[in-house]
Amino acid sequence: MSRLVAIVGLSILCGGCGLFPPSHLGGIATTVTPEDYGQRLCGHLDLEDHPSCLSQVLDYFEQPRADTLPPGHSTSGPFAVMMEKDVYLGHYQSDISQASFRVSNGRNGCRGSYSAFAGSPDAIYDVYCDDGRSGWADIIRDSDGRNGIGKLALDDGTQGEIVFGYVPLGQADPYPYRP
């Protein structure tokens, strides 16, 4: 009982400590809907292109898909970050205690990683870009653990939306939702 009181007390005490980034998504896994993927995949597009893109994403999720992954990709796959009007594409790798991603828009690359052994209780990635910017990425896995969404924030105020995994992206290249 005293451990429970100590844990609850510490949780209350640290509630405002800034342990997590502002607007932290919280948690590690949840159910991600096709609409969640669509909002992130299409949000960077101009208003006139957004409805068409969203329809494509929703139609894609209504098509039957085999539940198979390429050999050796049960804990890795395509990774996309939509920052401003740019799409950064790349790959992620993970295991039970650590994960990393690397993406590029062709001119600039960014990479992120986290490790539970280094004290990261949630999947908060430290992010570093080739152009000198840095920040964090907050990832939430879909219930299956192989796909998901997230957000990215860089020190210059740039924000980004993340989508990863074979279910929402198929093969990330060629990326179908470019501006």
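Source: prediction; values computed, not measured.

1. Comments concerning the nonpolar core
In step 1: Counting residues in each nonpolar core, the largest one holds 19 residues, and the members touching the most others are Phe79, Val81, Phe101, Tyr125, Val127, Leu152 and Ile162.
In step 2: Listed by contribution, the elements that provide at least two residues to this core are strand 2 (76-83), strand 3 (86-94), strand 4 (98-104), strand 5 (109-115), strand 6 (124-129), strand 7 (134-142), strand 8 (148-154) and strand 9 (159-164).
In step 3: Those residues in contact with Ile162 that lie beyond four places of it in its chain are Arg40, Phe79, Ala80, Val81, Ala137, Ile139, Gly148, Ile149, Gly150, Lys151 and Leu152.

2. Here's the deal with empty space enclosed by the protein
In step 1: The full count for this structure, using the stated rule, is one cavity of 30 Å³ or more.
In step 2: Space inside the largest cavity adds up to approximately 30 Å³.
In step 3: Surrounding the largest cavity, Phe79, Tyr92, Tyr125, Ile139, Arg141 and Phe164 form its lining.

3. Remarks on the state of the cysteines
In step 1: As enumerated under the stated definition, the model contains two disulfides in all.
In step 2: At a sulfur-sulfur separation of 2.1 Å, the disulfide partner of Cys110 is Cys129. Disulfide Cys110-Cys129: torsion about the S-S bond near 100°, hence right-handed. On the criterion of sequence distance, the pair formed by Cys110 in strand 5 and Cys129 in strand 6 is long-range, its members being 19 residues apart.
In step 3: Looking at Cys110, the relative accessible area reads 2%, which means it is buried.
In step 4: For Cys129, a relative accessible area of 7% corresponds to the buried category.

4. Describing helix 2 (residues 34-42)
In step 1: Taken together, the buried positions of helix 2 are occupied by Tyr37, Gly38, Arg40, Leu41 and Cys42.
In step 2: On its buried face, helix 2 sits against helix 3 (50-62), strand 2, strand 7, strand 8, strand 9 and helix 4 (166-169).

5. Details of the packing of aromatic side chains
In step 1: Considering all chains together, one arrives at eight aromatic pairs under this definition.
In step 2: With centroids separated by 6.5 Å and ring planes inclined at 55°, the aromatic side chains of Phe79 and Tyr92 adopt a geometry described as tilted. Within this pair, whereas Phe79 is found in strand 2, its partner Tyr92 is found in strand 3, the two being separated by 13 residues in sequence. The residues Phe79 and Tyr92 share a single accessibility class, namely buried.

6. Overview of the environment of Asn108
In step 1: With respect to the helices and strands, Asn108 occurs in the loop between strand 4 and strand 5.
In step 2: Sequence spacing of Asn108 and Asp130 is 22 residues, and the spatial spacing of their C-alpha atoms is 5.9 Å.
In step 3: When neighbours within four sequence positions are excluded, Asn108 is seen to be in contact with Tyr88, Val103, Cys129, Asp130, Asp131 and Arg133.
In step 4: Reaching out from Asn108, the side chain makes a polar contact with the side chain of Tyr88 at a distance of 3.5 Å.
In step 5: There is a polar contact of 3.1 Å between the side chain of Asn108 and the backbone nitrogen of Asp131.

Rules of the game
- Per-chain numbering applies: the sequence of each chain, read as written, is numbered from 1 onward.
- With the structure being a predicted model, the display of local features is reserved for residues of pLDDT at least 70 and the display and counting of side-chain atom pairs for 80 or more, all residues being used for whole-chain, interface and lining totals.
- Side-chain metrics in this entry use all non-hydrogen atoms of the structure; hydrogen atoms and water are not considered.
- Put simply, a nonpolar core is a bunch of buried Ala, Val, Leu, Ile, Met, Phe, Trp, Tyr and Cys residues held in one set by side-chain atoms that sit within 4.5 Å of each other.
- Residue burial is assigned from relative accessible area. The probe radius is 1.4 Å, only protein chains are included, and a residue is buried under 20% of its type maximum, exposed over 50%, and partly exposed in between.
- By definition, any uninterrupted DSSP run of H or I lasting at least four residues is a helix, any uninterrupted run of E lasting at least two residues is a strand, and each is numbered from the N terminus.
- Contacts: residue pairs with any heavy atoms within 4.5 Å of one another.
- In this analysis, the protein atoms alone were mapped onto a 1 Å grid. Cavities are point sets where a 1.4 Å probe fits without being able to get out; pockets are open sets with protein on both sides within 12 Å along at least five of seven lines; lining residues have an atom within 4 Å of a point.
- Grid points are joined across faces, edges and corners, and a volume is the space filled by probe spheres set on the points.
- Throughout, a disulfide means two cysteine sulfur atoms within 2.5 Å of one another.
- Here is the rule: rings of Phe, Tyr and Trp (six-membered ring for Trp) pair when centre to centre is within 6.5 Å. Planes less than 30 degrees apart are stacked, more than 60 are edge-to-face, and the remainder are tilted.
- By the criterion applied in these results, polar contacts are pairs of N or O atoms within 3.5 Å in which, for protein atoms, one can donate a hydrogen and the other can accept it, and in which residues neighboring in sequence qualify only through two side-chain atoms.

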